[in-house]
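Read off the chains here:
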Amino acid sequence: MEAQATTTPTFELKDIISHAKEYGFVFPSSELYDGLQAVYDYGQNGVQLKNNLKQLWWKAMTQAQQSIVGIDASIFMHPLTWKASGHVDAFNDPMIDNKDSKKRYRADQLLETKAEAYAEAGTPEKGTALLHEMARLLDANDLAGVRDLILAEDIRCPISGTKNWTDVRQFNLMFSTQVGSVAEDADVIYLRPETAQGIFVNYLNVQKTGRMKIPFGIAQIGKAFRNEIVARQFTFRMREFEQMEMQFFVRPGTEGEWYDHWKEQRMRFHQAIGIAPGHLRYHDHEKLAHYAKAAVDVEYKFPFGFKEIEGIHSRTDFDLKSHQELSGKKIQYFDNELNQNYIPYVIETSVGADRLFLATFCEALKTVVTGEGEQARERTILDLHPALAPVKAAILPLTKKDGLPEKGEAIYKALRTEFECYFEEKDSIGKRYTRQDLIGTPFCIAVDHQSLEDDTVTVRHRNSGQQERLPIAALADTIGKQVSLTSILRNL
Ligand code: GAP
């Protein structure tokens, strides 16, 4: 049923954070001990929403594709992996400290903030020029030049207000630990900073055992770890997070068309989960990562501005070639059509599960006005696509007597094997509806006295607040169709 509602402006980040905590979506990690910076835990509703997003991505990128398969590689990998990938030498952020406040900043972020200020002040061309200059200096690894630029732009520490800056230094973002039982003999290994390398080192295994023909892809969902210098904006930038990555292996020379293909496909995905087209945009990279030939971000309009949720990268044969060189093992593909061996080129799509979660959550939290005139009522709802909602249907007996709870429980037991359900008999029906609106439950099933007589129930729709009478026997099918991930996959 269509929402008959008007929507008021979206919420600020602080509202998002408190809603996420109050309704069991996201908690600060180890909060009992005052938390751990930039690490978060997903609560009972958050894990459902996140799992639904991950499942949807997995189905969209494997099941619904002719030539993409999935793997699940380990977090720990041979240390040479990260030498070959370039992460040991080049996975750095430039950092700078303010000597007065003792606060540490990412030098590039200070300059980006200044560029945004130029744009807001109506002089975007100054911001663009600044970003070009920053990219040039960083590419040349001219860190003294980056510091001079910060000084020339009169950038001050937001805390101390001074320009008393240290030199700019490179800071490697990889976490390391030791493997082996005796400390002296232990080898340093890294916690993977991206899942992609697990795919690259398994390229030959998958290609051979799966008899894969180019073009084909390998997808993976898994944890990644980065020692972010400045961790902020809630789950946007975390030290432990999850990535959903796919490497698409193509014939050299065709990478341009596949880059365009995946750029378009991934945008469709974000729109299909319910993000308004106006809240999404592409952003071409000024400064390319060490492995990339071309790169574009899909950005979402967070309460703190447009920011990256996904990257699409044309990685050439950089990774496979480096692994071939360092491992000494041949990584080649024999192309029957060309009668030729080559190292495939790669187009990568890489989206953070946590950032996708945050974008989905920010997009969904809204205030709607239903009814007109004196009947008009303002409600806060979590307008999630029904297939993504943590709970699909809440079964709510109108009162706690006359056999209504028993009737409700029988419905709950029958439906909970079909989709995620919730049963509650406490509090007024209005309060219970409100609680379900706030966690995004698309359907509330009220069990009343009529239900005892004719086996029908009232089904209330979250967005419109409208109700309809349905036979209990029809619930599994009617609701089931609307809450299935297939309903989104069909629109991709
Ligand atoms: N394999 C390519 C790669 O890792 P990236 O742009 O560094 O590329 C890809 O990361 C995606 O991973 C980002 O678009 C973002 O969604 C997510 N991501 C990266 N760092 C993150 C962090 N510190 N916290 C949460 N998500 C992060």
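In what follows, the accompanying structure is described. Bear in mind that the values here come from a model prediction, so they are computed numbers and not experimental data. Starting from 1, residues in each chain are numbered consecutively following that chain's sequence as written. Residue-level local features of this predicted model are given only where pLDDT is at least 70; pairs of side-chain atoms are given and counted only at 80 or more, and the full residue set underlies all totals for whole chains, interfaces and linings. Working from all heavy atoms in the structure, the side-chain values ignore hydrogens and water.

## Things to note about helix 7 (residues 143-152)
Spelled out, the test is: Working definition: with a 1.4 Å probe on protein chains only, accessible area under 20% of the residue-type maximum means buried, over 50% means exposed, and in between means partly exposed. Secondary structure elements follow DSSP: runs of H or I no shorter than four residues count as helices, runs of E no shorter than two count as strands, and numbering proceeds from the N terminus. Directions drawn from the helix axis to the C-beta atoms are what define this arc. Throughout, a residue-residue contact means that at least one pair of heavy atoms, one from each residue, lies within 4.5 Å.
All of the buried residues along helix 7 are Leu143, Gly145, Val146, Leu149 and Ile150. For helix 7, the angular spread of the buried residues around the axis is 155°, confining them to a single face. Structural note: helix 7 exposes Ala144 and Ala152 on the side pointing more than 90 degrees away from its buried face. In the core, the buried residues of helix 7 are packed alongside strand 5 (92-97), helix 5 (107-120), helix 6 (124-139) and strand 7 (169-172). Phi turns positive one or two residues past the end of helix 7, at Asp154, with a value near 60°.

## Overview of the packing of helix 2 (residues 44-63) against helix 12 (residues 353-364)
Our working rule: Comment: axis = line fitted to C-alpha atoms, over the contacting stretch for helices; angle = value between 0 and 180 degrees taken between N-to-C directions. An angle below 35 degrees is treated as roughly parallel, one above 145 as roughly antiparallel, one from 65 to 115 as roughly perpendicular, and anything else as oblique. By definition, turning the near helix anticlockwise from the far helix through less than a right angle yields a left-handed crossing, and turning it clockwise yields a right-handed one.
For the pair helix 2 and helix 12, the least separation of the axes is 10 Å and the interaxial angle reads 110°. The pairing of helix 2 with helix 12 is recorded here as roughly perpendicular in orientation. Of the two possible hands of crossing, helix 2 and helix 12 adopt the one that is right-handed. Within the contact between the two elements, helix 2 uses Gly46, Leu49, Lys50, Leu53 and Lys54 and helix 12 uses Ala353, Asp354, Leu356, Phe357, Thr360 and Phe361.

## Let's talk about the pairing of strand 5
Successive residues of a regular strand alternate their side chains across the two faces of the sheet. Operational definition: Two strands pair if DSSP finds at least two bridges between them.
Taking burial as the measure, the six residues of strand 5 include five buried ones, the bulk of the element. By the bridge criterion, four bridges tie strand 5 to strand 7 in an arrangement that is antiparallel. Of the residues in strand 7, the one forming a bridge with Asp93 is Phe171. Bridge analysis of strand 5 against strand 6 (residues 104-106) gives three bridges, and the strand direction is antiparallel. Residue pairing for strand 6: Ile96 is matched across the bridge by Tyr105. Hairpin connection of strand 5 to strand 6: six residues between the antiparallel strands, including Lys102 at a positive phi of 65°.

## Describing unusual backbone geometry
With an omega of 5°, the peptide bond between Ile214 and Pro215 qualifies as cis. Mapped onto the elements of the fold, Pro215 is located in the loop between helix 9 (203-209) and strand 10 (216-225). Look at Asp34: it is not a glycine, yet its phi comes out positive at around 70°. For Lys102, which is not glycine, the phi torsion reads 65° and is therefore positive. Mapped onto the fold, Lys102 is located in the loop between strand 5 and strand 6.

## A look at the site of the ligand
Test applied: It suffices for a single heavy atom of a residue to lie within 4 Å of a molecule or strand for the residue to be listed as near it. Nitrogen and oxygen atoms within 3.5 Å of one another constitute a polar contact, given that in protein one can donate a hydrogen and the other can accept it, and given that sequence-neighbouring residues count only through two side-chain atoms. Using a 1.4 Å probe, the Shrake-Rupley method yields the accessible areas, and only the shown protein chains count as cover for residues.
In the region of the ligand, 22 residues are neighbours, and Glu194, Glu228, Met238, Glu245 and Glu308 sit closest. At 2.8 Å, a side-chain N or O of Arg226 approaches an oxygen atom of the ligand. Within the side chain of Arg315, a nitrogen or oxygen atom sits 3.4 Å from a nitrogen atom of the ligand. If the ligand stood free it would expose 550 Å²; the protein chains cover 93% of that surface. Elements that contribute at least two residues to the shell around the ligand include exactly strand 11 (240-250), strand 14 (305-316) and strand 17 (345-352). Sort the elements by how many residues they give to the shell around the ligand and strand 14 lands first, with six residues.

## Remarks on the sheet that holds strand 5
One open sheet holds the three strands; their spatial order is 6-5-7, and the pairing between them is antiparallel. A single partner strand is all that each edge strand has here, and the edge strands are strand 6 and strand 7. Geometrically, the sheet is characterised by an average inter-axis angle of 45° between neighbouring strands, direction not taken into account.

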